[in-house]
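Each chain, written out:
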Amino acid sequence: MAIVLAILKWIGIVAGGVLGLAVLFVCLILFVPVRYYLAGDNRDTLCYQFRVSWLCRAVSLRKKRNSDEICFRIFGIPVFRFGGEGPVQTPVENVGEGKQPEPVQKQEEVSQSSASAGGTEKRKHRAASPKSNSRKKRKKKSAGKKTASRKKSFSFDVLSGIINFVRDTENRRAFRKIRQEIRLLFRYLTPQKIRGCFVIGTGDPSSTGLLIGGISLLPFVYQDGLDITPEFEEKIFQADGMIKGRIQVLYFLRFCIRLYRDKELRKLWSNIQKLKKEAA
């Protein structure tokens, strides 16, 4: 009996340890944010670097400015790399003395010309055959039937149903909630730090002014260290800056739960499904 109790005790200890590690891992995923950093410029050529890290850079994905290689690391140890330069191609040596092999490009051109000639002959044969003409007539008839069925399926009743659906007070409240949630989501996804100098010009003074006016409506534009200069006479885009922020999985979990538990949004979804059935 004592042996059985000892075995059960050790089984409970192991199961409790595994359960505790699982709970700890889930809490780390939910509460520890993923941090990102991106910097670059396009003055001469496009040069950029980025880093995506989690758990105090225990897990990271990074790229250096002067390299095309992207490295994934766990606790500072490179696990795998991808990108970078491709394999080096060696030139083809001449075979024999005084003889040069025929270029590959000429061989490809000859093969393509022969294939195109064969294709044109087949097309002429198909166009001359009576079966091809009958097939074309059948296709035209089927296309005409499809367009007629589409015209019949459209009715003013469906259009009036959509207008009444949009004007409904409950649906309008649900649409306002969706718009508010999307605005909060974009505010959360906005980088915490943006630094740099940007020169923007479309070549047209009016469109440049409209673009700069639209950018000025964004709240993160007014951060310290960010300079946006419009260019009204030249089409140009120059950037030299960095962005830095973080994303937490817990926010997206709460976002999905909040949308799922909202009665008005669920009713809106059921109304959309009913409207689809009526339109079909």
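Since the model is a prediction, treat every value here as computed from it, not as a measurement. (Residues numbered from 1 in each chain as written. Predicted model: local features only at pLDDT ≥ 70, side-chain atom pairs only at ≥ 80, totals over all residues. Heavy atoms only, no water.)

## Examining the overall build of the protein
Next, step 1: For the protein, the helix and strand inventory stands at eight helices and eight strands.
Next, step 2: Across the protein, every contact between residues at least 6 apart in sequence was considered, and the portion connecting residues at least 24 apart equals 57%.
Next, step 3: Surface exposure of the protein reaches about 22800 Å², of which carbon and sulfur atoms provide 61%. (Helix = DSSP H or I, 4+ residues; strand = E, 2+ residues; numbered from the N terminus. Contact = heavy atoms within 4.5 Å. Areas by Shrake-Rupley, 256 points an atom, 1.4 Å probe, with all protein chains shown as cover.)

## With respect to the packing of helix 5 (residues 169-189) against helix 8 (residues 263-279)
Next, step 1: Viewed as axis vectors pointing N to C, helix 5 and helix 8 meet at an angle of 115°, and their least axial separation amounts to 9 Å. The interaxial crossing formed by helix 5 with helix 8 has left-handed handedness. Contacts between helix 5 and helix 8 involve Glu170, Asn171, Arg173, Ala174, Phe175, Lys177 and Ile178 from the former and Glu264, Leu265, Lys267, Leu268 and Asn271 from the latter.
Next, step 2: Within the contact of helix 5 with helix 8, the residues separate by chemical class into five nonpolar, two polar and five charged. (Axes fitted to C-alpha atoms, helices over the stretch in contact; angles between N-to-C directions. Left-handed = near helix turned anticlockwise from the far one by under 90°. Nonpolar A, V, L, I, M, F, W, Y, C, P; charged D, E, K, R; others polar.)

## Remarks on the packing of aromatic side chains
Next, step 1: Applying the stated rule across the entire model yields six aromatic pairs.
Next, step 2: Centroid distance phenylalanine 80 to phenylalanine 82: 5.8 Å. Interplanar angle 25°. Geometry classified as stacked.
Next, step 3: Look at phenylalanine 80 and you get partly exposed, because its relative accessible area is 42%.
Next, step 4: By relative accessible area, phenylalanine 82 is classed as partly exposed at 37%.
Next, step 5: Joined through ring pairs, the aromatic side chains of Phe72, Phe80 and Phe82 make up one cluster. (Phe/Tyr/Trp six-rings, centres within 6.5 Å; stacked < 30°, edge-to-face > 60°. Buried < 20%, exposed > 50% of the residue type's maximum accessible area, 1.4 Å probe, protein only.)

## Some details on a nonpolar patch on the surface
Next, step 1: Where nonpolar side chains cluster on the molecular surface, the patch consists of Met1, Ile3, Val4, Leu5, Ile7, Leu8 and Ile11 and spans about 770 Å² of accessible area.
Next, step 2: As for its placement among the helices and strands, isoleucine 7 is situated in helix 1 (residues 2-31). (Patch = residues over 30% accessible without salt bridge, like charges linked within 9 Å, V, L, I, M, F, W, Y side chains within 5 Å. Salt bridge = Lys/Arg side-chain N within 4 Å of Asp/Glu carboxyl O.)

## Side note on the side chain of serine 60
Next, step 1: Among the secondary structure elements, serine 60 is positioned in strand 3 (residues 59-63).
Next, step 2: According to the relative accessible area criterion, serine 60 is buried, its value standing at 3%.
Next, step 3: When sequence neighbours within four positions are dropped, the list of residues in contact with serine 60 reads Val52, Ser53, Cys71, Phe72 and Arg73.

## Description of unusual backbone geometry
Next, step 1: One non-glycine residue, leucine 55, adopts positive backbone phi at about 60°.
Next, step 2: When you line up the elements, leucine 55 lands in the loop between strand 2 (47-54) and strand 3.
Next, step 3: Even without being a glycine, cysteine 56 presents a positive backbone phi close to 55°.
Next, step 4: Among the structural elements, cysteine 56 can be located in the loop between strand 2 and strand 3.

## A closer look at the pattern of salt bridges
Next, step 1: All told, the structure shown has seven salt bridges when counted by the stated rule.
Next, step 2: A salt bridge links arginine 65 to aspartate 41; its shortest N-O distance comes to 2.8 Å. In this pair, arginine 65 sits in the loop between strand 3 and strand 4 (69-74) while aspartate 41 sits in strand 1 (residues 34-41), placing the two residues 24 residues apart along the sequence.
Next, step 3: Overall, arginine 65 belongs to the partly exposed group, its relative accessible area being 30%.
Next, step 4: Given a relative accessible area of 18%, aspartate 41 falls into the buried group.
Next, step 5: Residues lysine 267 and glutamate 170 are paired through a salt bridge, measuring 2.8 Å at the closest nitrogen-oxygen approach. Of this pair, lysine 267 sits in helix 8 while glutamate 170 sits in helix 5, and the two are 97 residues apart along the sequence.

## A closer look at the sheet that holds strand 3
Where strands meet in a sheet, backbone hydrogen bonds hold them as pairs that are either parallel or antiparallel.
Next, step 1: As summarised here, the arrangement of the eight strands in space is 5-4-3-2-1-8-6-7, forming an open sheet in which the pairing is mixed. Every interior strand has two partners, whereas the edge strands, strand 5 (77-83) and strand 7 (226-230), have only one. Shown here is a sheet whose adjacent strand axes are inclined to one another by a mean of 15°, direction ignored.
Next, step 2: Looking at chain direction, strand 1 and strand 2 are connected through eight bridges and run antiparallel. Pairing of arginine 35 across the sheet is with serine 53, part of strand 2. (Pairing = 2+ DSSP bridges.)

By themselves these figures say nothing about function.
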